[in-house]
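# Inside the fold
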Amino acid sequence: MSHDDAPEGAPTPDQGVRPSQSLYLPLDLPLDFEAFYLGHQEPFHAYAEVHFGTREVAEEVIHEVFLQIHAGWTELLSSGSLEQGAWAIMRRAVHDRLEREGRAPAFVINGPIAQALAPALATARDKLQKMESTSGVYEAIAELPNRQFEVIVLRYILGYPTAKVAWYVGIDERTVGHHLRRGKERLRIKLGLPDERKKQKGERP
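The model shown is predicted, which means the values in this text are computed figures rather than measured ones. (Residues numbered from 1 in each chain as written. Predicted model: local features only at pLDDT ≥ 70, side-chain atom pairs only at ≥ 80, totals over all residues. Heavy atoms only, no water.)

Between its first and last C-alpha, helix H9 (residues 146-157) extends 15 Å over 12 residues, near the 16 Å set by a 1.5 Å rise per residue. For H9, the set of buried residues is Arg147, Gln148, Phe149, Glu150, Val151, Ile152, Val153, Leu154 and Tyr156. With its phi angle positive at about 80°, Gly159 sits one or two positions after the end of H9. (Helix = DSSP H or I, 4+ residues; strand = E, 2+ residues; numbered from the N terminus. Expected span 1.5 Å × (residues − 1). Buried < 20%, exposed > 50% of the residue type's maximum accessible area, 1.4 Å probe, protein only.)

The following block contains the structure:
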């Protein structure tokens, strides 16, 4: 398929940007869909890539995701929750692909999660070093409720600022902060880490 088949306004190889398969969507797209695609294809691909480990598979999955979003575009617009509906389609596609292949997500939890849980992780460094692998941390994250899992991946693994996470997911920044706090607290409890807030209060004169 030629580069001329890409939607108008989408980046091309001649512009120095690597194209993704999801550029090759049906022609004659609604302008609001094109705007949504251009604003969301980056985090969709990044989210899929940290789960699958390769750009190629991520592009394949997200290509299908945007086809599904396009097919249900009118319904999504009328739902009043476009971003949340689209993210639900993307999350389901990623989950279903992983389930069919019988594997866990590919990303490795390291520095970003440690920073997110600091200072509790810092005080429990020896305990974490005794873990057989990082799977214990991942398993704890995987057990989070969907929204907490999602914002932690976007904020601490992919590194998006809170404002961007809020825009992508379709919730306000305060709600993102709420889910981040709840998610980190669940992880602290699951991993058996100390509550630094209580410790600090106890040290006050």
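What follows deals with the packing of aromatic side chains. For the structure on display, the rule yields 10 aromatic pairs. Ring plane angle 90° and centroid distance 5.1 Å describe the contact between Phe33 and Trp73, whose orientation is recorded as edge-to-face. Taken as a pair, Phe33 in helix H1 (residues 31-52) and Trp73 in helix H3 (residues 73-79) lie far apart in primary sequence, 40 residues in all. Considered together, Phe33 and Trp73 belong to a single accessibility category, that of buried residues. Members of the aromatic cluster, joined through ring pairs, are Phe33, Phe36, Tyr37, Phe44, Tyr47, Phe66, Trp73 and Trp87. (Phe/Tyr/Trp six-rings, centres within 6.5 Å; stacked < 30°, edge-to-face > 60°.)

In this section: the environment of Glu83. Looking at the element boundaries, Glu83 is found in helix H4 (residues 82-101). Each residue touching Glu83, except ones within four places of it in the same chain, is listed here: Phe36, His40, Trp167, Tyr168, Val169 and Gly170. (Contact = heavy atoms within 4.5 Å.)

So, about the pattern of salt bridges. This structure, assessed with the given rule, holds 8 salt bridges. Residue Arg55 is joined to Glu59 by a salt bridge in which the shortest nitrogen-to-oxygen separation is 3.4 Å. A residue pair is termed a helical-turn pair when its members lie 3 or 4 positions apart in one helix, as Arg55 and Glu59 do in helix H2 (residues 55-71) at 4 residues. Here Arg55 falls in the partly exposed class, since its relative accessible area comes to 25%. (Salt bridge = Lys/Arg side-chain N within 4 Å of Asp/Glu carboxyl O.)

Note that every value here comes from positions in space, so none of it alone points to a role or purpose.
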